[in-house]
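# Structural features, examined
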Amino acid sequence: MHILFLTDNFPPEVNAPASRTFEHCREWVKAGHQVTVVTCAPNFPKGKVFDGYRNKLWQTETMEGIRVVRVWSYITANEGFVRRILDYQSYMLSAIIASVFVRKVDLVIGTSPQFFTACAAYVVSRYKFRPYIFELRDLWPESIKAVGAMKNERAIRFLEWVEMFLYRKSARVVSVTRSFKDILVRRGIDGSKIEVITNGVDISQFKPRPKDPELTAKLGMTGKFVAGYIGTHGLETLLDAADRLRGQDFVFLFLGDGARKEALKQMAAEKKLDNVVFIDSVPKADVARYWSLLDVSVIHLKKTDLFTTVIPSKLFESMGMGLPVLHGVEGGSADIVREEGAGIPFEPENAGQLCDALVRLKSNPAELEQFRARCLKGAQNFDRTNLALRMMKILEQTASGRA
């Protein structure tokens, strides 16, 4: 089977869509399938093309047996609504054109979070006369409404019409959460064609390891209880917690980038927070080194109904590393934390509850060790290899016309 996968994020980018797509495609290649990925020049999240790449019409490489075709797109940082839409649309058009030159395809996949990639997959599937699968990672445009990025009701209604059209025209929808499936069913999409394949963790890479002594010393974390937030930065709740806990041997490590990072760094400087460390994004191969510095992982999203349907991929990486999770996200992901005994949920945007949980775990090493053991056990349920093979069965059924 030849799988054509359209995604605007792919390694060496290190965000969740890039990791999931790469790790799934790698397993499909190992199973004997041919995989071609059409993506763009790596640039997320800063909007700067990575070293060794150029933003040109066509370039190819092979990564662990995956043929990667990179096309031109309008590149911008992960900020500014209009510019990001131009980014998405330019990739969509380039991917549609580039896919003409990918021969003998059996199946087309388009992955969100934004649906312009799925638009491209639908068009490609029509002119290749092949089924397409919509991999649903986010409810878009619902998510842009939730954060207030778009207020034009007529435009939103049009985007919602396009969204529903793409769901209906897909041969299958592969959702990353049960909540997304439930929402689509309530909106009239046939539940029998929606499959749930959650995010997971590559347990061969994310596994327990001792604290990196070189980084610990370099970052001034020796003898400290380290709480880490790894990913794109957004809210101020963690800085509020750092302010409350200053002088108590706590350190907050922020690894990654995001539209709000510079503002957060400025806020930390104004508050003279000497217990906060900001680190820019690092290559995927180095991420686990920084995870090793942590005693606990903090996962936090804005308090809104939309995010109750989200399961952050960092949850599974934390579990794979054996790091207890302080989880400031309501909904299905908090249920996983409770069911697996992987950490302590707290109310989103509640710095007081976060501080209480940090003090509790720092003061109770035995309880901390119990959480670590439960994290490692629970991570086995979200092994990326097994999840990729489950999705592969769906692809095989769809390509053979048994969907």
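As a reminder, the structure under discussion sits directly above these lines.
Below: a short report on this structure. (Residues numbered from 1 in each chain as written. Predicted model: local features only at pLDDT ≥ 70, side-chain atom pairs only at ≥ 80, totals over all residues. Heavy atoms only, no water.)

Helix and strand counts for the chain stand at 15 helices and 14 strands. For 403 residues, the compact-globule estimate of 2.2 N^0.38 gives 22 Å, and the chain sits close to it at 21 Å. For the chain, the spread of C-alpha atoms along the three principal axes comes to 65 × 45 × 40 Å. Expressed as a percentage of the 403 residues in the chain, the buried residues total 56%. In the chain, once contacts between residues fewer than 6 apart in sequence are set aside, the share between residues at least 24 apart is 72%. (Helix = DSSP H or I, 4+ residues; strand = E, 2+ residues; numbered from the N terminus. Rg over C-alpha atoms; globule rule 2.2 N^0.38 Å. Buried < 20%, exposed > 50% of the residue type's maximum accessible area, 1.4 Å probe, protein only. Contact = heavy atoms within 4.5 Å.)

On any regular strand, side chains alternate: one points to one face of the sheet, the next to the other face. Most of strand β1 (residues 2–6) sits inside the fold, with five of its five residues counted as buried. On β1, burial covers both faces: H2, L4 and L6 on one face and I3 and F5 on the other are all buried. Inspection of the sheet shows β1 paired to strand β2 (residues 34–40) by five bridges, in the parallel sense. Bridge pairing links I3 to V35 in β2. Of the strand pairs in this sheet, β1 and strand β5 (residues 107–111) are connected by four bridges, and their pairing is parallel. Across the sheet, L4 pairs through a bridge with V108, a residue of β5. (Pairing = 2+ DSSP bridges.)

Where charged atoms from two side chains of opposite charge approach closely, those side chains can pair. Applying the stated rule across the entire model yields 20 salt bridges. Put simply, R26, E27, K30 and D202 are held in one network by salt bridges that share partners. (Salt bridge = Lys/Arg side-chain N within 4 Å of Asp/Glu carboxyl O.)

Below, the discussion takes up the packing of helix α11 (residues 314–321) against helix α12 (residues 332–340). The geometry of α11 relative to α12 is characterised by a closest axis approach of 11 Å and an angle of 20° between their N-to-C directions. Classified by the interaxial angle, the pair formed by α11 and α12 is roughly parallel. The way α11 lies across α12 gives a crossing that is right-handed. Between α11 and α12, the residues in contact are L315, F316 and M319 and S333, I336, V337 and E340, respectively. In the contact of α11 with α12, the residues fall into five nonpolar, one polar and one charged. (Axes fitted to C-alpha atoms, helices over the stretch in contact; angles between N-to-C directions. Parallel < 35°, antiparallel > 145°, perpendicular 65-115°, else oblique. Left-handed = near helix turned anticlockwise from the far one by under 90°. Nonpolar A, V, L, I, M, F, W, Y, C, P; charged D, E, K, R; others polar.)

The next subject is the side chain of H327. Topologically, H327 is positioned in strand β13 (residues 325–328). Aside from chain neighbours lying at most four places away, what touches H327 is I299, P312, S333, A334, V337, I344, P345 and F346.

Looking along the chain, the bond that leaves P11 and enters P12 is cis, with omega of 15°. One can find P12 in the loop between β1 and α1 (16–30). A cis geometry characterises the amide bond from F44 onward to P45, with omega recorded as 5°. You will see that E64, though not glycine, has its phi angle at about 50°, which is positive. With respect to the helices, strands and loops of the structure, E64 is situated in the loop between β3 (58–63) and β4 (66–71). The backbone of E349 shows a phi angle near 70°, a positive value even though the residue is not glycine.

Here we come to the sheet that holds β13. Sheet strands line up and pair through hydrogen bonds in the backbone, either parallel or antiparallel. An order of β11-β10-β9-β12-β13-β14 is seen for the six strands of this open sheet, with the pairing classed as parallel. With partners counted over all chains shown, the strands left at the sheet margins are β11 (276–279) and β14 (343–345), one partner each. If you compare each strand with its neighbour and ignore which way they point, the axes differ by 20° on average. The sheet contact formed by β13 and β14 spans three bridges and is parallel.

With five of six residues buried, β4 lies mostly within the body of the structure. The pairing of β2 with β4 spans five bridges and is parallel. The residue of β4 that forms the bridge with V38 is V69. Pairing of β3 with β4 involves six bridges; the strand directions are antiparallel. Bridge pairing links W58 to V71 in β4. Here β3 folds back onto β4, and the loop between the two strands holds two residues, one of which, E64, carries a positive phi near 50°.

Before going further, it helps to examine the packing of helix α3 (residues 116–128) against helix α5 (residues 153–169). Two numbers describe how α3 lies on α5: the axes approach to 10 Å, and their chain directions differ by 45°. Taken together, α3 and α5 sit at an angle that is classed as oblique. Judged by the sense of rotation from one axis to the other, the crossing of α3 with α5 is left-handed. Contacts between α3 and α5 pair A118, C119 and Y122 from the former with V162, F165, L166 and K169 from the latter. Class assignment of the residues belonging to the contact of α3 with α5 gives a composition of six nonpolar, no polar and one charged.

Tallied over the full model, the rule gives 14 aromatic pairs. Considering the side-chain rings of F254 and F278, the 5.0 Å spacing of their centres and the 20° angle between planes classify their relative orientation as stacked. Taken together, the residues F254 in strand β10 (residues 250–255) and F278 in strand β11 connect sequence positions 24 residues apart. For the pair F254 and F278, a shared accessibility class is recorded, and that class is buried. The ring of Y229 has K314 lying over it, and the distance from NZ or CZ to the ring centre is 5.7 Å. The ring of F250 carries the charged tip of K362 above its face, separated from the ring centre by 5.5 Å. (Phe/Tyr/Trp six-rings, centres within 6.5 Å; stacked < 30°, edge-to-face > 60°. Lys NZ or Arg CZ within 6 Å of the ring centre and 35° of its normal.)

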